[in-house]
Amino acid sequence: MNISYYDFQNLTDRQTQYELVLTHGRIISERMVSQSRYVLYEISNFSVELIYDNMHNKIIGMNLLKSTPVIDKNPVLSIIKQDKNTNDKKKKNVSIETA
């Protein structure tokens, strides 16, 4: 999917943005903080971080980044990226209700 950062930002609602990320995004990073899971997705030439509430299995927030983090140039992160590529098909079903 090829969509610009600004077109994504101007989509009509959050629900549409979430669905686009979950359908067309590629997971490049994931981390846990307390009861929240932060998943960084790559879409076109920008990134979207979705914040999940693990207790209720729903999206509670989103952060947009104008550029994709530089992963390929860091050997350690490149290994993580390769590992994540094998797990791209294992996306969970998550409720996309907003808090």
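Higher on the page you've got the structure.
Every value quoted in this text rests on a predicted model; they were computed, and no experiment measured them. (Residues numbered from 1 in each chain as written. Predicted model: local features only at pLDDT ≥ 70, side-chain atom pairs only at ≥ 80, totals over all residues. Heavy atoms only, no water.)

### Digging into the sheet that holds strand 3 (residues 46-53)
This is how the line gets drawn: Two strands form a pair only when DSSP identifies at least two bridges running between them. Where helices and strands are cited, they refer to DSSP runs of H or I of at least four residues and of E of at least two residues respectively, numbered from the N terminus. Each axis is a line fitted through C-alpha atoms, taken for helices only over the stretch in contact, and angles between the N-to-C directions span 0 to 180 degrees. Any two residues whose heavy atoms approach within 4.5 Å at even a single point are treated as in contact.
An order of 1-2-3-4 is seen for the 4 strands of this open sheet, with the pairing classed as antiparallel. Bordering the open sheet on either side are strand 1 (26-33) and strand 4 (58-65), each of which pairs with just one other strand. Sheet twist, expressed as the average angle between the axes of neighbouring strands with direction ignored, equals 20°. Pairing geometry for strand 1 and strand 2 (residues 36-43), over 7 bridges, is antiparallel. What sits directly across from arginine 31, in strand 2, is tyrosine 38. Running at roughly 80° to strand 4, helix 2 (residues 14-24) makes contact with strand 1, strand 2, strand 3 and strand 4 of the sheet.

### Overview of the nonpolar core
Rule in force here: Put simply, a nonpolar core is a bunch of buried Ala, Val, Leu, Ile, Met, Phe, Trp, Tyr and Cys residues held in one set by side-chain atoms that sit within 4.5 Å of each other. Relative accessible area decides the class of each residue, using a 1.4 Å probe on protein chains only: under 20% of the type maximum gives buried, over 50% gives exposed, and in between gives partly exposed.
Counting 16 residues, the largest nonpolar core has Phe8, Val21, Tyr41, Ile43, Phe46, Val48 and Leu50 as its most contacted members. Where this core is concerned, the elements lending two or more residues are helix 1 (5-9), helix 2, strand 2, strand 3 and strand 4. Broken down by element, this core gets its largest block of residues, 4 residues, from strand 3.

### Here we look at helix 2
The condition is simple: This arc is taken over the directions from the axis of the helix to the C-beta atoms.
Turning to helix 2, its buried residues number three or more, namely Gln17, Tyr18, Leu20 and Val21. For helix 2, the buried positions fall inside an angular range of 165° around the axis, keeping them on one side. Of the surrounding secondary structure, the elements contacted by the buried residues of helix 2 are helix 1, strand 2, strand 3 and strand 4.

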